[in-house]
Structure formats: C-alpha cells, structure tokens
Amino acid sequence: MITLTQAHIAHGRAMAAIHAAAFPPAERWGADALALQLGLPGAFGWIADQDGFILARVAADEAEILTLAVHPNRQRDGLGAALLQAALHRAAEAGAVAMLLEVAEPNLAARGLYAQFGFIEVGRRKRYYANGTDALVLRRDLAVPQP
C-alpha cells in the first residue's frame, strides 16, 4: 500500500535525500532549495516516507510539476504514478486547467509514465540540463473536479 503525506517545509531534508538518490549530481536539489519551493505561493507536494515525492505549483490556471523523484529501489512499482495522480488531482482542485513539466529527452522511464497519464510533447528546451541534454516540455489538460 502506498501512503502519501502532504509535503511541508520540514520535509526538505528527506526530499533532498530522495532527490540525491534519483538524479545525477548536477541535477540534484538541496534541502534548502526544496524547502524554499514549498514555501512559495501556489506550491504543493506529496511525499511517501523516504521513497519518493512530487513538488508542483499552480499559478493562475496552469500547474507545473517542478520535480518528481522516486528512490531507485522503488521505481516501477506504482509510486511515481501515485504521486503524479495526487498532484494532478490537487492541481485541478486548485483551478488549474493544464499541467506542464520538463523531462530529460533520454529519460524513457519518466516519459513512459507521463505518456500513460496523457501528457503530450508541446516543446523542447535545447541543452536545458547541465550535461547538455534537451528537455521535452510536456502538457496535459486537467479535468475540472466535480463538487
């Protein structure tokens, strides 16, 4: 069973440890950066123990996934999907009509997850990542939640 907890600034250190396990050194976010992001207006996140988290924000009627990290020991077991589903639901509840994100072009596992959830490529950011890899910009429309 996957249990998600709403992420708070106090989760910054745990989130940084997960991010460090899931991403190469040049792409890792530290505890201070994650806590700062969580403190911004419209930001929200979900964390699953020490195994994974998602950080997103809503501005006006658009939402953006800032980062999604799952510890390598928990990848491909549904945790990423649960985190993504929770973020999509929360963004729609907050009034967002679309969700956007950037993903490294060679990250086929993440791209597959996003495709399962209906994200489509709408752009490309050349040499976006520190290693020179392009980022694909993905978008998905959100259903308006029923009261």
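Coordinates for the structure precede this section.
Small disclaimer: the values here were computed from a predicted structure and weren't measured.

Student: Please set out the packing of aromatic side chains residue by residue, giving values where relevant.
Tutor: What the rule picks out here adds up to two aromatic pairs. Between Tyr128 and Tyr129, the aromatic rings sit 5.0 Å apart at their centres with planes inclined by 85°, giving edge-to-face as the arrangement. On the basis of relative accessibility, which here comes to 41%, the residue Tyr128 falls in the partly exposed class. Judged by its relative accessible area of 16%, Tyr129 is buried.

Student: For the sheet that holds strand S7 (residues 135-141), give the residues involved together with the corresponding values.
Tutor: Pairing is mixed across the open sheet formed by seven strands, whose spatial order is S1-S2-S3-S4-S5-S7-S6. The two strands at the open ends of the sheet, each matched to only one other strand, are strand S1 (5-6) and strand S6 (120-125). With respect to the sheet, helix H1 (residues 12-22) is in contact with strand S2 (43-48), strand S3 (52-59) and strand S4 (62-70), its orientation differing from that of S4 by roughly 70°. Relative to S3, helix H2 (residues 31-38) is tilted by about 40°, and along the sheet it contacts S2, S3 and S4.

Student: Describe the pattern of salt bridges, naming the residues involved and giving the relevant values.
Tutor: Using the criterion set out here, one finds eight salt bridges in the structure. Note that Arg74 is salt-bridged to Asp77, the shortest N-O span being 2.5 Å. Under the relative-accessibility criterion, Arg74 is labelled partly exposed at 22%. Taking relative accessible area as the criterion, Asp77 reaches 38% and is therefore assigned partly exposed. Residues Asp134 and Lys126 are paired through a salt bridge, measuring 3.8 Å at the closest nitrogen-oxygen approach. Under the relative-accessibility criterion, Lys126 is labelled exposed at 55%. When salt bridges with common partners are traced through the structure, they connect Glu105, Arg124, Lys126 and Asp134 into a single cluster.

Student: Describe helix H3 (residues 79-93), and please don't skip the residues or the numbers.
Tutor: With 15 residues, H3 extends 21 Å between its outermost C-alpha atoms, agreeing within 8% with the 21 Å of an ideal straight helix rising 1.5 Å per residue. Leu79, Gly80, Leu83, Leu84, Ala86, Ala87, Leu88, Ala91 and Ala92 are the residues of H3 that are buried. Buried residues belonging to H3 abut S2, S3, S4, strand S5 (98-104), helix H4 (108-116) and S7. One or two steps after H3, the chain reaches Gly95, where phi turns positive at roughly 100°.

Student: If you had to explain the side chain of Thr67 to someone new, which residues and values would you point to?
Tutor: Tracing the sequence through the fold places Thr67 in strand S4. At 2.8 Å, the side chain of Thr67 and the side chain of His19 are in polar contact. Excluding anything up to four places from it in sequence, Thr67 contacts His19, Phe23, Trp29, Leu34, Phe53, Ile54 and Leu55.

What counts, and at which threshold
- Residues numbered from 1 in each chain as written.
- Predicted model: local features only at pLDDT ≥ 70, side-chain atom pairs only at ≥ 80, totals over all residues.
- Heavy atoms only, no water.
- Phe/Tyr/Trp six-rings, centres within 6.5 Å; stacked < 30°, edge-to-face > 60°.
- Buried < 20%, exposed > 50% of the residue type's maximum accessible area, 1.4 Å probe, protein only.
- Pairing = 2+ DSSP bridges.
- Helix = DSSP H or I, 4+ residues; strand = E, 2+ residues; numbered from the N terminus.
- Contact = heavy atoms within 4.5 Å.
- Axes fitted to C-alpha atoms, helices over the stretch in contact; angles between N-to-C directions.
- Salt bridge = Lys/Arg side-chain N within 4 Å of Asp/Glu carboxyl O.
- Expected span 1.5 Å × (residues − 1).
- Polar contact = N/O pair within 3.5 Å; in protein donor to acceptor, adjacent residues only side chain to side chain.

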